[in-house]
Amino acid sequence: MISRRTFLGGVSAACAVGAAETSALGKVIPGSKKNDAASDPASLVDIKIGTGGHGHTFPGATVPFGAVQLSPDTFNDQWDWCSGYHISDTSIMGFSHTHLSGTGCGDLLDFLVMPGTGESKIVPGPRSNPDAGYRSRFDHNDEHAEPGFYSVLLKDYGIRAELTATERTGLHRYSFPTGKGAPTSGHIIVDLEHSYAYNGESAVVNASLQSTSPDTLAGGRTTKAWGNGRQIYFTMQFSQQPVRAVFYQEGTEVPAGTQPLTGKSLKCVLFFDLTHHPVIMVKTGISGVSAESAANNLKAELPGWDFEQVRRSARDKWNQQLSRIQITTSNDTHRRIFYAALYHASLGPSLFDDVDGSYRGMDKQNHQLDPGQRNYTTFSLWDTYRAAHPLYTLMSAERVPDFVNTLIRMAEQSPAGMPVWPLQGCETGTMTGYHSAAVIAEACNKGVTGVDYDRAYRVMLKRAMVDDIRGLGYYRSKGYIPCDLEEESVSKTFEYCYDDWSIAHVAKKLGHSDDAAMLVERSRNYRNYYDRSINFARPKLANGQWAAPFNPIEMGTSKKWRDFTESNSWQATFAIQHDAAGLIDILGGQQQFLAKLDELFNQPSTLPADAPPDIAGLVGQYAHGNEPSHHIAYLYAYAGQPHKTQARVRMLMETMYKALPDGLQGNEDVGQMSAWYIMSAMGFYSVDPVSGNYIFGTPLFDRVTLQLGKGKQLEILARRKSPTDQYIQSVTFNGRPYTKSWFNHRDIVNGAKIVFEMGSEPNLAFGSQPADVPPSLTLESAT
């Protein structure tokens, strides 16, 4: 099993980065006057949040869920540069067209472009000595980032670089120096060797490059990094015809006319006369299918050279997306954090098809979509099934059928079966479980149409009942996975339990009642790991004995491998999302469960030396910086004490998110870290996403209006005397008194209004009665 940690080495050096960070990205939000969230919510997005610490986000130009992420690369190796950028850096290698947002593994950084003056160089040079290559120094005060646009001054060349994007294309504008003493010539390097590094070297396996006309380059490459055998292509056009173009193959200049070039290291330096035209633009189309398809994308989406029009269009797209949730608050910090979160949650999954409907499948073959369909990639499923995908069912419901149909096609086409962590036609296999099942099942249970759930059920059932991979055979035959036979056995079992629970919903919807009953019962396999004598989930050997020695803060019981996935027994003990009532029972009942949950948050935050850095944002042994903990604060509601959920969640919103570059307590994870904040700030969270149940937390804002689509909206009001009032006193739901600590998707999908009366002291009666606590292990439709 590939984890984020086993894929990336050299973490210890990267972890020291935070101490050297600068405090700002520059002029991120234009102006200092009060912004109008209703008409221009893009002006409220602070893109620098997450670009420092271990957030792993990028600052460049893209559109919502777009295929192109045109952004600066400051370094292309080590953990804290998974996005290619870190705010601690002071030099830029260039601008590439594809980037990952917040992942714990690195890849992409395709088709780097870098302008320059003076002597041309074909290597970037190290950060310690930018003069050794084409890299340029920059200052964060000369940097500007906003949704759909990025700009920076390349100090070594005096060139202002500006970037914007459409869905499948990127547009660069390079303004070279003018005036007395300004250079009369300049150059641009296109470097196909540049990539996110794999074992310290370029990940490129092979590439092709040619000039298809005097002002156009085209080519592609295959890489082996996180995605093994990933294929990506481009066509790139320049606004001026270069006076000369020099091609390099494996570091050696090749004679003119030697094309197309093939090899691992291909580059081209194009030289331009700046005498009359000191501004050069570059537009690039990308495709997973071919360079010809990339050219078709370019022709369809970016036929001209109107940079400002493309920039305006990108901003309009962002305003449409960001205006789907409107908030009212007097707290500017909360507002900045919220809109940065909403922005980051709208970056992925990313589009991965062409304007003609062609796309590269998980079988490495080219396929054709049915008319009107779209194909996506970059599904960080172990993370995003928890809150990001539930958020999409609320605020981007029109995209959900395409997300789900993409996952079904992947399962049918991929030799690996059900998607785990798919990236541009490759199954990375990263993390445990196969939570594409959860995303599909959530859509099914919530009544999302336009999906063939019979097709989905076939591929899901094959994984659940036939495939013998990653301990699934042991899970089926023994009811648990032995820790002496399989790594990360406890976490894998718990993940498979949730996937069984997910598939059971689809089985019931399709009328397979026997399958549904069997899967629900098997989803209780988690019970086989709880040692009641110590009240912890712990690893078990093939002979049925408990593994020893056991310490709840350790990653496992032996040094051979870990027994938990990016967590320890403290966090895993509370990892059950679908059967909180069963978890409460197995931990000794309500009072013992509540005491144990309090104990989790009040423990020393001690971790062993071999703990992965993903276990971050510690409050006791609760780890908000990693996803297995994200639902835990909401479990108090299942035990009849939602006031403790309210206090914990407010504390986490205030302490785990800051309006700073290092304002995230862990990797952003393609929207999940942000989605937790978005949903929690609205006042509820999806502990068990597939069920469609939402658990009340504590609303952060005075008013929230969420556009559900088709003219429907969810309105949330929080009435309080003081901004610090965090406890729910009472709730009305559509004007009627409401005593439950939860509601279901079916209650709001056609529009609803929830009004919270808040206070400074807890109302111990609210949500405390057995009839008012959220249900567990109950197959009910969310429509």
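Residues numbered from 1 in each chain as written. Predicted model: local features only at pLDDT ≥ 70, side-chain atom pairs only at ≥ 80, totals over all residues. Heavy atoms only, no water.

Caption draft 1: Main features of the overall build of the protein. Check the secondary structure of the protein and you find 18 helices and 37 strands. Based on the C-alpha atoms only, the size of the protein along its principal axes is roughly 80 × 60 × 50 Å. Per-residue burial over the protein gives 64% buried out of 783 residues. At a minimum sequence separation of 6, the contacts of the protein that also span at least 24 residues come to 70%. For the protein, the accessible surface area stands at approximately 25,500 Å², while carbon and sulfur atoms represent 48% of it. (Helix = DSSP H or I, 4+ residues; strand = E, 2+ residues; numbered from the N terminus. Buried < 20%, exposed > 50% of the residue type's maximum accessible area, 1.4 Å probe, protein only. Contact = heavy atoms within 4.5 Å. Areas by Shrake-Rupley, 256 points an atom, 1.4 Å probe, with all protein chains shown as cover.)

Caption draft 2: Structural detail: the pattern of salt bridges. Throughout the structure, instances matching the rule amount to 39 salt bridges. Across the salt bridge formed by Arg-315 and Glu-146, the nearest N and O atoms sit 2.9 Å from each other. Of this pair, Arg-315 sits in helix H4 (residues 307-322) while Glu-146 sits in strand S6 (residues 143-146), and the two are 169 residues apart along the sequence. By the burial criterion, Arg-315 is buried, and Glu-146 matches it. (Salt bridge = Lys/Arg side-chain N within 4 Å of Asp/Glu carboxyl O.)

Caption draft 3: Quick peek at the environment of Leu-652. The residue Leu-652 is located in helix H17 (residues 642-655) in this model. Sequence-distant contacts of Leu-652, defined by excluding residues within four places in its chain, comprise Val-619, Tyr-622, His-624, Ala-633, Tyr-657 and Trp-676.

Caption draft 4: Representation of the sheet that holds strand S35 (residues 736-738). On the basis of which strands lie adjacent, the open sheet formed by 6 strands has the order S19-S32-S33-S37-S34-S35 and mixed pairing. Each edge of the open sheet carries a strand with a single partner, namely strand S19 (325-328) and S35. The average undirected angle you get between the axes of adjacent strands in this sheet is 20 degrees. In the sheet, strand S32 (residues 703-709) pairs with strand S33 (residues 712-719) via 6 bridges, with the strands oriented antiparallel. Residue Arg-703 lies in a different strand from S33, and its bridge partner there is Leu-717. On top of the sheet, helix H7 (residues 388-395) reaches S19 and S32; it is set at about 75 degrees to S32, its chief contact. (Pairing = 2+ DSSP bridges. Axes fitted to C-alpha atoms, helices over the stretch in contact; angles between N-to-C directions.)

Caption draft 5: The packing of helix H9 (residues 436-445) against helix H12 (residues 489-509), seen in detail. The N-to-C vectors of H9 and H12 enclose an angle of 35 degrees; their axes lie 9 Å apart at closest approach. Note that H9 runs across H12; the crossing there is left-handed. Contact residues: Ala-437, Ala-438, Ala-441, Cys-444 and Asn-445 in H9; Tyr-498, Asp-499, Ser-502, Ile-503, His-505, Val-506 and Lys-509 in H12. The residue makeup of the contact of H9 with H12, split by class, is 7 nonpolar, 3 polar and 2 charged. (Left-handed = near helix turned anticlockwise from the far one by under 90°. Nonpolar A, V, L, I, M, F, W, Y, C, P; charged D, E, K, R; others polar.)

Caption draft 6: Summary view of the nonpolar core. Ranked by size, the top nonpolar core spans 202 residues in total, and within it Phe-95 and Ile-325 carry the most contacts. Examining the composition of this core, we find that 10 residues originate from one element, H12, more than from any other. (Core = buried A, V, L, I, M, F, W, Y, C linked by side-chain atoms within 4.5 Å.)

Caption draft 7: The arrangement of the environment of Ala-771 in detail. Considering the arrangement of structural elements, one finds Ala-771 in the segment after strand S37 (752-759). Owing to a relative accessible area of 61%, Ala-771 belongs among the exposed residues under this scheme. In this structure the C-alpha to C-alpha distance between Ala-771 and Pro-303, which are 468 residues apart in sequence, comes to 61 Å.

Caption draft 8: Examining the packing of aromatic side chains more closely. What the rule picks out here adds up to 38 aromatic pairs. Each ring, one from Phe-95 and one from Tyr-174, has its centre 6.1 Å from the other, and the planes form 35 degrees; the classification is tilted. Of this pair, Phe-95 sits in strand S3 (residues 94-96) while Tyr-174 sits in strand S9 (residues 169-175), placing them 79 residues apart in sequence. Accessibility expressed as a relative area gives 0% for Phe-95, which makes it buried. When the ring of Phe-536 is compared with that of Trp-570, the centres are 4.8 Å apart and the planes differ by 90 degrees; the resulting orientation is edge-to-face. With Phe-536 in strand S27 (residues 536-537) and Trp-570 in helix H14 (residues 569-573), this pair connects stretches of sequence that are 34 residues apart. As far as the burial class goes, Phe-536 and Trp-570 line up, both buried. Here the aromatic residues Phe-684, Tyr-694, Phe-696, Phe-733, Tyr-738, Phe-743 and Phe-756 are joined through ring pairs into a cluster of three or more. In this structure, Arg-221 packs its charged tip against the face of Phe-111, placed 5.6 Å from the ring centre. (Phe/Tyr/Trp six-rings, centres within 6.5 Å; stacked < 30°, edge-to-face > 60°. Lys NZ or Arg CZ within 6 Å of the ring centre and 35° of its normal.)

Caption draft 9: Broad picture of unusual backbone geometry. Put simply, Gln-259 and Pro-260 share a cis peptide bond, and its omega is -5 degrees. The topology assignment puts Pro-260 in the loop between strand S15 (252-253) and strand S16 (261-263). Unusually for a residue other than glycine, Gln-424 sits at a positive phi of about 45 degrees. Examined against the element boundaries, Gln-424 turns out to sit in the loop between strand S24 (422-423) and strand S25 (426-427). Exposure remark for Gln-424: the relative accessible area of 5% places this residue in the buried category. One non-glycine residue, Arg-470, lies in positive phi territory at about 50 degrees. Mapped onto the elements of the fold, Arg-470 is located in the loop between helix H10 (453-465) and helix H11 (472-478). Note on Arg-470: relative accessible area 24%, which makes it partly exposed.

Caption draft 10: Fine view of the environment of Pro-482. Mapped onto the elements of the fold, Pro-482 is located in the loop between H11 and H12. The exposure class of Pro-482 is buried, given its relative accessible area of 0%. Spatially, the C-alpha atoms of Pro-482 and Lys-540 are 5.6 Å apart, while their sequence positions differ by 58 residues. Beyond its immediate sequence surroundings of up to four residues, Pro-482 is in contact with Tyr-474, Ser-489, Lys-540, Leu-541 and Ala-542.

Caption draft 11: Quick look at the sheet that holds strand S8 (residues 159-165). Across the sheet, 9 strands lie side by side as S6-S7-S8-S9-S18-S13-S12-S11-S16; this open sheet has antiparallel pairing. Of all the strands in the sheet, just S6 and S16 have a single pairing partner and so form its edges. Going from strand to strand, the sheet's axes swing by 15 degrees on average, the running direction of each strand aside. Here strand S11 (residues 204-213) pairs with strand S12 (residues 216-224) via 8 bridges, running antiparallel. The residue bridging Leu-209 from the neighbouring strand is Gly-219, located in S12.

Caption draft 12: Seen up close, helix H18 (residues 672-682). Most of H18 sits inside the fold, with 11 of its 11 residues counted as buried. Listed as buried for H18 are Gln-672, Met-673, Ser-674, Ala-675, Trp-676, Tyr-677, Ile-678, Met-679, Ser-680, Ala-681 and Met-682. Immediately downstream of H18, the backbone of Gly-683 shows phi near 115 degrees, a positive value.

Caption draft 13: Expanded view of the pairing of strand S18 (residues 279-287). Across the 9 residues that make up S18, a large majority, 8, are buried. Where strand S13 (residues 228-238) lies against S18, 6 bridges are found, and the strand directions are antiparallel. Opposite Phe-238, over in S18, you have Val-282 as the bridge partner.

Caption draft 14: H9, seen in detail. When you tally the buried positions in H9, you get 10 out of 10 residues, the bulk of the element. Every buried residue of H9 is accounted for by Ser-436, Ala-437, Ala-438, Val-439, Ile-440, Ala-441, Glu-442, Ala-443, Cys-444 and Asn-445. Check the buried side of H9 and you find it contacts helix H6 (381-384), H7, helix H8 (400-413), H10 and H12. Downstream of H9 by one or two residues, Gly-447 has phi in the positive range, about 80 degrees.

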